[in-house]
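Fold and contact review
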Amino acid sequence: MAEIEPVSDREATPTAASDAAPRERIALPPYETIALMLQGGGALGAYQAGVYQGLHEADIHPNWIAGISIGALNTAIIAGNPPEHRATRLLEFWETICQPAFGFPLPGFVERAFFDSADEIRKAFTALQAVGALVEGQKGFFVPRFPPPSPVAAGLPQTASYYDTTPLKATLERLCDFDRINSGETRVSVGAVNVATGNFAYFDNTRIKLRAEHFMASGALPPGFAAVEIDGQFYWDGGLMSNTPLYELAQAVPRRNTLGFQVDLWSARGPVPDSIVDVMGRVKDIQYSSRTRLVTDDMQRAQRYRNVLQHVLDLVPEDVRKNDEWCRRAAELACSKRYNIIHLIYRQKEYEGHYKDYQFGLSTMREHWQSGLTDIRRTLAHRDWLEMPNGETRFVTHDIHREER
């Protein structure tokens, strides 16, 4: 089987070499937290890799990375490598898992010929690639179980799935330095769901030592992938409950001046479907978008109330604030910190079907990557969007697709 040629970070974008040219470094205001939040979305996750490359070009280095599902796997690759090697490792990861698990991939020029053909040919070709993922699996990621699981016979939770993700463990351990992940250099959080309790859990390197299993648990979407056992408990994909790590940022204490890049792979907004196939795709969009903008609006309102409460407390004499029980409780809730949330949301292409999250073609991956890189470059061109917010709420959001319409 063909092996992936290592590339330098300068060449890490899977598009034209000119796109990898050095970019202007951006000096940010003194934010205490720079967060990168990565939503789940399977094969669409290459978009997040492109976004990360653009941040790296601009010399913006997150000190907190949170992910769910494929976002958790990208998180492991980013946090598990030094900054100068992260784009290279991301590309190696994506070029690995976008190959078939068995046999040989199509020669590059053949795949590109099909992918660059008329829309109907491209749709048929990408649909076949999605079928290939279901039938054969993806290299270094998952393979079908043989024999397949019985619909009636009981077994172990670790094998109650259609696919075996053992290859993913080897891939993560090959591409990630878990000592670096657990060093505290970058805060790392990945979300999963406890199968027995139904409770959401975040595995965080400020509280526990993270292993490959924690990232795999975050991406263990049933019934395709089996639950992952961690310390006697079994966990499934965090996207079953909430596919957006923004919740974790919203409730984090102590609160800090924060610049957050929320990278979503599903758009809540979209056309009303007029066919069964389109209905299936639209359901996924709505389900897995996890109401990112609603969460953001709630965060904005809550921060406005905290800021107002802080201003009111500042008017209260100090001796009253210290001795009055209600003032002490109010002080615990009050906050004048500033939050700037930058949304980057993948926009579906015309040729993509409901299988877009498990269509792992190399050409499609490169297009997703380039979309993320283009979106973050356009976003960072608005230098004023990166300033610390002022005003009553001290909370702002920006979205390149919303604000350039």
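Residues numbered from 1 in each chain as written. Predicted model: local features only at pLDDT ≥ 70, side-chain atom pairs only at ≥ 80, totals over all residues. Heavy atoms only, no water.

Attention now goes to the pairing of strand S8 (residues 233–237). Bridge count between strand S5 (residues 187–194) and S8: 3 bridges; the pairing is antiparallel. From the neighbouring strand, Ala-192 faces S8, where its bridge partner is Asp-237. Relative to S8, strand S7 (residues 228–230) is paired through 3 bridges, and the arrangement is antiparallel. Bridge pairing in S8 places Val-228 opposite Tyr-235. Counting the residues that bridge the hairpin from S7 to S8 gives 2 residues, and of these Asp-231 lies at a positive phi of roughly 50°. (Pairing = 2+ DSSP bridges. Helix = DSSP H or I, 4+ residues; strand = E, 2+ residues; numbered from the N terminus.)

A word on the confidence of the model for the protein. Do not read the predicted coordinates in detail wherever pLDDT is low. Chain-level pLDDT for the protein is 90 on average; 94% of the residues reach the 70-or-more range. Low pLDDT, under 50, characterises residues 1–13; the predicted model gives this stretch 38 contacts beyond four residues in sequence or across chains. Below pLDDT 50 for its whole length, residues 15–21 participates in 12 contacts with residues either more than four positions away or in separate chains. (pLDDT = per-residue confidence, 0-100. Contact = heavy atoms within 4.5 Å.)

Let's shift gears to unusual backbone geometry. Pro-147 follows Phe-146 through a cis peptide bond whose omega is -5°. Structurally, Pro-147 is set in the loop between strand S3 (143–144) and strand S4 (163–164). Even without glycine at this site, Ser-69 takes up a positive phi of about 60°. Along the polypeptide, Ser-69 turns up in the loop between strand S2 (64–68) and helix H2 (70–79).

Let us now look at the packing of aromatic side chains. Under the criterion given, the structure shown has 15 aromatic pairs. Note on Phe-142 and Phe-360: the rings are 6.4 Å apart at their centroids and 65° apart in plane angle, and the pair reads as edge-to-face. Taken together, the residues Phe-142 in the loop between helix H5 (119–136) and S3 and Phe-360 in the loop between strand S10 (339–345) and helix H14 (362–380) connect sequence positions 218 residues apart. Overall, Phe-142 belongs to the buried group, its relative accessible area being 6%. Residue classification places Phe-360 among the buried positions, given a relative accessible area of 5%. Centroid distance Phe-203 to Tyr-235: 5.0 Å. Interplanar angle 80°. Geometry classified as edge-to-face. Of the two residues, Phe-203 sits in strand S6 (residues 200–204) while Tyr-235 sits in strand S8, which places them 32 residues apart along the sequence. On the basis of relative accessible area, Phe-203 is assigned to the buried category, the value being 6%. Positioned above the aromatic ring of Trp-326 is the side chain of Arg-329, whose terminal nitrogen or guanidinium carbon lies 5.0 Å from the ring centre. (Phe/Tyr/Trp six-rings, centres within 6.5 Å; stacked < 30°, edge-to-face > 60°. Buried < 20%, exposed > 50% of the residue type's maximum accessible area, 1.4 Å probe, protein only. Lys NZ or Arg CZ within 6 Å of the ring centre and 35° of its normal.)

Here we come to the UniProt feature "short sequence motif: GXGXXG" (unreviewed entry) in the protein. When the UniProt feature table is mapped onto this chain numbering, "short sequence motif: GXGXXG" (unreviewed entry) sits at residues 40–45. Across residues 40–45, the secondary structure splits into 0% helix and 0% strand, with the terminal C-alpha atoms separated by 7 Å. (UniProt positions renumbered as here; feature names shortened; annotations may be inferred.)

In this section: the environment of Phe-200. For Phe-200, the location among the structural elements is in strand S6. Those residues in contact with Phe-200 that lie beyond four places of it in its chain are Ile-68, Gly-191, Ala-192, Val-193, Gly-238, Met-241 and Ser-242.

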